[in-house]
Amino acid sequence: MTQRAPEALVVGLLTDDGLPGQLAGRIAEGLPARLARDLGEETTWRVEHETQSLPLNEEGDIPMLALAEERRAEHGWDLLVLVTDLPRRSGTVPIASDYNVDHGVAMVSLPALGALRLRGRVSRLVVHLVRHLVARRTAKEADPPRGILDRLRDLVAPTRHVRGRGAADEHLALVGLRGRVRLLAGMIRDNRPWRLVPNLAGATAAAAATAAYGIITTSFWKLAEALPALRLAGITVLAILLMAGWLMVHNHLWDSPSGHLDRRKAVLYNASTALTLSIGVACMYAILFGLALVASIVLVEGMYFGQVLGHPAGPASYLKLVWLAASVGIVAGALGSSVEDEERVRRATYSRREQERQQGNRERAEESDGDD
């Protein structure tokens, strides 16, 4: 009896550039073996990866079905999995992925996977989606039987399968507080808040100059020594929040909802922007603190410092001086940020995909105003 040759299927990974492309490049080589292990060795798998800027339609979403029709025919792919860094929703529910069996296409939204262990999560989710896409072809169960431990994990998991809307057969939705927190963490990770420091040259210069002035001013020495650590900590937190708030308001980064359904989305985006800015400013503060500490050790002579304070100056005195000087410097940095170009701040705050979404929203708002 002749043994039937295994079926060969080609999976195309089409990803946004940036983080999605980097992650797909890391998992693409090992995916064929993982697909064969998890979906059965009667099928041979080949995975091809391509990175580009995935287009957005008029609604600001990625046209999943149109891309599937175009790219599968162009490359000869049997299945297509799209990976984007754009947060996605079904109505008011944030989703991590969805798929359409008839068109052989699925999509993964990276922000919904959180900020940690992205490589493993993406790999598992791609295999999960391919299982659904080939279930009809192979007559296999889309989701294999699960044991008691797996079911217990499902009860506390931040995701649920929900019926699809629009082009999707089914969505993997984020639910509950854990799901919202994971999405928010993923959006902040995608915005890369540490990029804020090198893109705010004016603010950084103003903060450094103010901190340097504080280090060499004797009235600062006495004030820093008189303040308790708890109050200094409060000043630091307040300074970071003030600068983050100023950046958000002055550069028009606040997202206003245009309707009832957009209210939750606006809250999520505003929370993401506020936390991105706060983390970015905190990074600036940490760098400023380190530089100011070095400068204080070099510039402030210990015996003279002690004479001004009225007691020997130890490490704690230097730390409190730098603590106050850096906090006041951050407040001055908020004023220095006023000279920064608004688009430069947006580039430092949002991912490229978010910049496109923001630009599309502004253009549609301008068109709507023009029609009125």
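Residues numbered from 1 in each chain as written. Predicted model: local features only at pLDDT ≥ 70, side-chain atom pairs only at ≥ 80, totals over all residues. Heavy atoms only, no water.

**Observations regarding the confidence of the model for the chain**
Note: predicted coordinates in regions of low pLDDT should not be interpreted at a detailed level.
In step 1: With 81% of its residues at a pLDDT of 70 or more, the chain has an overall mean of 81.
In step 2: Here helix H5 (residues 148–156) stands out as the element of the chain with the lowest mean pLDDT, 39, in contrast to strand E3 (residues 79–84), whose mean of 93 is the highest.
In step 3: Low pLDDT, under 50, characterises residues 1–5; the stretch is placed with zero contacts to residues that sit more than four places away or in other chains.
In step 4: The low-confidence segment residues 145–156 (pLDDT under 50) makes five contacts with residues lying over four places distant or belonging to another chain. (pLDDT = per-residue confidence, 0-100. Helix = DSSP H or I, 4+ residues; strand = E, 2+ residues; numbered from the N terminus. Contact = heavy atoms within 4.5 Å.)

**Focus on helix H6 (residues 176–191)**
In step 1: Its 16 residues give H6 an end-to-end C-alpha distance of 23 Å, which sits within 8% of 22 Å, the value for a rise of 1.5 Å per residue.
In step 2: Turning to H6, its buried residues are Gly179, Arg182, Leu183, Leu184, Gly186, Met187, Ile188, Asp190 and Asn191.
In step 3: Residue arginine 192 follows H6 closely and has a positive phi angle near 50°. (Expected span 1.5 Å × (residues − 1). Buried < 20%, exposed > 50% of the residue type's maximum accessible area, 1.4 Å probe, protein only.)

**A few points about the packing of aromatic side chains**
The geometry of an aromatic ring pair is captured by two quantities: the separation of the ring centres and the angle between the planes.
In step 1: Enumeration according to the criterion identifies four aromatic pairs in this entry.
In step 2: Residues tryptophan 221 and tyrosine 304 carry aromatic rings whose centres are separated by 5.7 Å and whose planes lie at 75° to one another, so their mutual orientation is edge-to-face. Of this pair, tryptophan 221 sits in helix H9 (residues 218–226) while tyrosine 304 is found in helix H12 (residues 302–309), placing the two residues 83 residues apart along the sequence.
In step 3: Overall, the relative accessible area of 5% leaves tryptophan 221 in the buried class.
In step 4: Taking 5.0 Å as the distance between ring centres and 70° as the angle between the ring planes, the aromatic pair formed by tryptophan 221 and phenylalanine 305 counts as edge-to-face. Of this pair, tryptophan 221 sits in helix H9 while phenylalanine 305 is found in helix H12, placing the two residues 84 residues apart along the sequence. (Phe/Tyr/Trp six-rings, centres within 6.5 Å; stacked < 30°, edge-to-face > 60°.)

**A short note on the side chain of histidine 171**
In step 1: By the secondary structure assignment, histidine 171 is in strand E8 (residues 170–174).
In step 2: Side chain to side chain, histidine 171 and aspartate 98 meet in a polar contact 3.5 Å long. (Polar contact = N/O pair within 3.5 Å; in protein donor to acceptor, adjacent residues only side chain to side chain.)

**So, the pattern of salt bridges**
In step 1: Enumeration over the complete set of coordinates arrives at seven salt bridges.
In step 2: For the salt bridge of glutamate 48 with arginine 46, the shortest nitrogen-to-oxygen distance reads 3.1 Å.
In step 3: Residue arginine 71 pairs with glutamate 74 through a salt bridge whose shortest N-O separation is 3.6 Å. In this pair, arginine 71 and glutamate 74 are both assigned in helix H3 (residues 64–75), three residues apart and thus about one turn of the helix distant.
In step 4: When salt bridges with common partners are traced through the structure, they connect Glu50, Glu70, Arg71 and Glu74 into a single cluster. (Salt bridge = Lys/Arg side-chain N within 4 Å of Asp/Glu carboxyl O.)

**Some details on the nonpolar core**
In step 1: Ranked by internal contacts, the top residues of the largest apolar core, which has 42 residues, are Val11, Leu13, Leu35, Trp45, Val81, Leu113 and Val130.
In step 2: With nine residues, helix H4 (residues 118–138) is the largest single contributor of residues to this core.
In step 3: The contact partners of valine 81, leaving out residues within four places of it in the chain, are Val11, Gly12, Leu13, Leu14, Ala106, Val108, Val126 and Val130.
In step 4: Counting residues in each nonpolar core, the second largest holds 38 residues, with Leu196, Leu200, Leu227 and Met284 among its members. (Core = buried A, V, L, I, M, F, W, Y, C linked by side-chain atoms within 4.5 Å.)

**Side note on the environment of valine 162**
In step 1: Along the chain, valine 162 turns up in strand E7 (residues 159–163).
In step 2: You can call valine 162 partly exposed: its relative accessible area is 31%.
In step 3: Spatially, the C-alpha atoms of valine 162 and valine 93 are 9.8 Å apart, while their sequence positions differ by 69 residues.
In step 4: Sequence-distant contacts of valine 162, defined by excluding residues within four places in its chain, comprise Glu170, His171 and Ala173.

**A few points about empty space enclosed by the protein**
In step 1: A full pass over the atoms with the stated rule returns two cavities of 30 Å³ or more.
In step 2: Empty space within the second largest cavity amounts to approximately 40 Å³.
In step 3: Lining the second largest cavity are Leu19, Leu110, Pro111, Gly114, Leu118, Gly186, Arg189 and Asp190.
In step 4: For the lining of the second largest cavity, the per-class residue count stands at four nonpolar, two polar and two charged. (1 Å grid on protein atoms, 1.4 Å probe; cavity = no way out; pocket = protein on both sides within 12 Å on 5 of 7 lines; lining within 4 Å. Points joined across faces, edges and corners; volume = space filled by probe spheres on them. Nonpolar A, V, L, I, M, F, W, Y, C, P; charged D, E, K, R; others polar.)

**Concerning the pairing of E8**
Each regular strand carries side chains that alternate between the two faces of the sheet.
In step 1: The buried count for E8 comes to five of five residues, which makes it a mostly enclosed element.
In step 2: As paired elements, strand E5 (residues 93–100) and E8 share four bridges and run antiparallel to each other. Across the sheet, residue serine 97 finds its bridge partner in E8, namely leucine 172. (Pairing = 2+ DSSP bridges.)

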